[in-house]
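# What the coordinates show
One letter stands for each residue in the lines below.
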Protein chains: 2
Amino acid sequence: MGSDDALEDALVRTSFRVMAVLTRIGSDHDLSLTQLRVLGLLRDRRPRMTELAAFLGLDKSTMTGLVERAERRGLVARGKSPEDRRAVDVFITPAGRELAERVQEEVRAALAPFTDRLRADDRQLLTRLLDSVSAAATANQATRGTLSGPTG
Amino acid sequence: MGSDDALEDALVRTSFRVMAVLTRIGSDHDLSLTQLRVLGLLRDRRPRMTELAAFLGLDKSTMTGLVERAERRGLVARGKSPEDRRAVDVFITPAGRELAERVQEEVRAALAPFTDRLRADDRQLLTRLLDSVSAAATANQATRGTLSGPTG
DNA sequence: TTGACATAGTTTGCACTGCCAACCAAACTC
DNA sequence: GAGTTTGGTTGGCAGTGCAAACTATGTCAA
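Notes on the structure follow. (Residues numbered from 1 in each chain as written. Chains lettered and ligands numbered in written order. Predicted model: local features only at pLDDT ≥ 70, side-chain atom pairs only at ≥ 80, totals over all residues.)

## Considering the overall build of chain A
Check the secondary structure of chain A and you find six helices and two strands. Starting at the N terminus and walking to the C terminus, you meet the elements of chain A as α-α-α-α-β-β-α-α. Out of the 152 residues belonging to chain A, those deemed buried represent 30%. The long-range fraction of contacts in chain A, counting pairs at least 24 apart against all pairs at least 6 apart in sequence, stands at 45%. (Helix = DSSP H or I, 4+ residues; strand = E, 2+ residues; numbered from the N terminus. Buried ≥ 20, exposed ≤ 12 C-beta atoms within 10 Å, placed from the backbone. Contact = placed C-beta atoms within 7 Å.)

Next comes the structure, spelled out in structure tokens:
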């Protein structure tokens, strides 16, 4: 098999570091990791509750509370779909967008010190490699995500 | 400064993918991300409650419940320190160690498909670059973490 | 030695996260 | 139009995590 697992272990270690940064910055703004993701997702989407839940890998009942609290804070809003009167779609408010952008900047700034010690060409290389890994994960997730529907 | 933020964004994206894998595998074994970390940490340490909390960046009161539940499941145990009768140190049980190792293998296996599409030399390169980033993060965290602990 | 203060953990109370099962309402199906 | 599926909410439950209050032990100084 894959001889040694150094790469997998390094991915896990690094991910925990990154999540620690995200958690800290999120909590500075009273946002959980999940809410951070929601805000990020809504920046360029206007999904329905169920779609949002699928994106996040959460149960739809979890979304109700998540959106409800974010709505109470004025970060997102719910709209009724004209096509399907059952459906509720979720979108980000101007305040939510502003917060999402501020948080993104803070995250970038907080991560920069860790990546700055790399040379410019290494930075570019790392970006490419991570994108490659991430893309593989996405493709795989899409495969599984589809399965979660009606059948196998 | 750093011109574009592609690297920081790639780190965040990849980290979310990795955490999704960890979350899924953890939940297969009824373990939260935090419990996964606890078990991992205890594999080669026998810290006190407060040290453990500092490692994880959590409040000590949070540790009480976390350890209590893991102890109830027989994964960890508490021991009284002979030097300081206030102190409680935490260690992993054989069952806990076995579970931790099984989970680690599953995580490696689950991540392998994503990294396998890289060529061997790219894998090695990525490992080196991630370790470099991770090490920088550790140094930085150590600086902050140490302040709460006894000393440097 | 005693009194003041610091440290290690626990307890209590609170809000949030996330799941499941049950439910309602609107769509689709035959 | 009865039966089923789909979209979302509700209620109940366990776990996570924080903050404040508390107990017990340790430390330091007068």
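Continuing now.
## Digging into the interface of chain A and chain B
The interface is formed by 40 residues belonging to chain A together with 39 residues belonging to chain B. In terms of residues, the side of chain A that touches chain B owes the most to one element, helix α6 (residues 120-147) of chain A, which gives 14 residues. The class makeup of the residues in the side of chain A that touches chain B is 21 nonpolar, nine polar and ten charged. (Nonpolar A, V, L, I, M, F, W, Y, C, P; charged D, E, K, R; others polar.)

## A look at the nonpolar core
A general trend in soluble globular proteins is that nonpolar side chains are found buried together. By size, the foremost hydrophobic cluster in this structure holds 66 residues, and its most contacted members are Leu-39 of chain A together with Leu-39 of chain B. Ranked by the residues each element gives to this core, the list is headed by helix α1 (residues 6-28) of chain B, at nine residues. The contacts of Leu-39 of chain A, once residues within four sequence positions are left out, are Leu-75, Ile-92, Gly-96, Leu-99 and Ala-100 of chain A. (Core = buried A, V, L, I, M, F, W, Y, C linked by C-beta atoms within 7 Å.)

## Concerning the environment of Val-88 of chain B
All names here are of chain B. For Val-88, the location among the structural elements is in strand β2 (residues 88-92). Note: C-alpha distance between Val-88 and Leu-39 (49 residues apart in sequence) is 17 Å. Contacts of Val-88, omitting those with residues within four sequence positions, involve Arg-48, Met-49, Arg-78 and Lys-80.

## A closer look at the packing of α1 of chain B against helix α5 (residues 94-115) of chain B
A pair of packed helices can be characterised by two numbers: the angle between their axes and the separation between those axes. Residues and elements named next belong to chain B. One can describe the packing of α1 onto α5 by two numbers: an axis separation of 10 Å at closest approach and a directional angle of 140 degrees. Overall, the two elements α1 and α5 adopt an arrangement that is oblique. In this structure, α1 crosses over α5, and the sense of that crossing is right-handed. Along its contact with α1, which presents Val-21, Leu-22 and Ile-25, the element α5 presents Val-103, Glu-106, Val-107, Ala-110 and Leu-111. The residue makeup of the contact of α1 with α5, split by class, is seven nonpolar, no polar and one charged. (Axes fitted to C-alpha atoms, helices over the stretch in contact; angles between N-to-C directions. Parallel < 35°, antiparallel > 145°, perpendicular 65-115°, else oblique. Left-handed = near helix turned anticlockwise from the far one by under 90°.)

## Some details on the protein's contact with DNA strand D
Near DNA strand D you find 24 residues, and of these Arg-48, Thr-50 and Ser-61 of chain A together with Ser-32 and Ser-61 of chain B are the closest. When contributions to the surface near DNA strand D are tallied by element, the ones reaching two or more residues are α3 (49-56) and α4 (60-72) of chain A together with α2 (33-42) and α4 (60-72) of chain B. Counting residues per element, the surface near DNA strand D draws most heavily on α4 of chain B, at five residues. Of the residues that constitute the surface near DNA strand D, the class distribution is seven nonpolar, nine polar and eight charged. (Near = placed C-beta within 6 Å.)

## Some details on helix α1 (residues 6-28) of chain A
One turn of an α-helix holds 3.6 residues; hence residues three or four places apart share an orientation. With 23 residues, α1 of chain A ought to run about 33 Å at 1.5 Å a step, and its terminal C-alpha atoms sit 33 Å apart, in line with that. After α1 of chain A finishes, the residue Asp-30 of chain A shows a positive phi value of roughly 60 degrees. (Expected span 1.5 Å × (residues − 1).)

## Some thoughts on the relation of the copies chain A and chain B
With an RMSD of 0.0 Å, the operation that places chain A on chain B is a rotation of 180 degrees combined with a shift of 0.0 Å along the axis. Such a combination of turn and shift is consistent with a two-fold rotation axis. Considering only C-alpha atoms, the part of chain A nearest the rotation axis is Ser-15 of chain A, at 2.2 Å. The fraction of interface residues of chain A whose copies in chain B are also interface residues reaches 98%, indicating that both copies meet through the same surface. (Least-squares fit on C-alpha atoms with pLDDT ≥ 70 in both.)

## Section: the protein's contact with DNA strand C
Lining the immediate environment of DNA strand C, one finds 23 residues, of which Asp-59 and Ser-61 of chain A together with Arg-48, Thr-50 and Ser-61 of chain B sit closest. Where the surface near DNA strand C is concerned, the elements lending two or more residues are α2 (33-42) and α4 of chain A together with α3 (49-56), α4 and β2 of chain B. For the surface near DNA strand C, the per-class residue count stands at five nonpolar, nine polar and nine charged.

## As for the environment of Ala-87 of chain A
All names here are of chain A. If you trace the backbone, Ala-87 turns up in the loop between β1 (76-80) and β2 (88-92). Residue classification places Ala-87 among the partly exposed residues on the basis of 14 C-beta atoms within 10 Å. Here the alpha-carbon distance between Ala-87 and Met-49, two residues 38 residues apart in the chain, equals 7.7 Å.

## Section: the environment of Arg-37 of chain B
Residue and element names in this part refer to chain B. The topology assignment puts Arg-37 in helix α2. The exposure class assigned to Arg-37 is buried, which follows from the 20 C-beta atoms found within 10 Å. In this structure the C-alpha to C-alpha distance between Arg-37 and Ala-6, which are 31 residues apart in sequence, comes to 28 Å.

## Considering α4 of chain B
Residue and element names in this part refer to chain B. A rise of 1.5 Å per residue sets the reference length of α4, with its 13 residues, at 18 Å; its end C-alpha atoms lie 18 Å apart and thus fit the reference within 8%. Residues Met-63, Leu-66, Val-67 and Ala-70 constitute the buried set of α4. Down the axis of α4, the smallest arc covering the buried residues is 95 degrees, so these residues share one side. When the buried face of α4 is taken as reference, the exposed residues oriented beyond 90 degrees from it are Ser-61, Gly-65, Glu-68 and Arg-72. Gly-74 occupies a position one or two residues after α4 and carries a positive phi of about 75 degrees. (Arc of directions from axis to C-beta.)

Everything listed here is a matter of geometry and, on its own, says nothing about what the molecule does.
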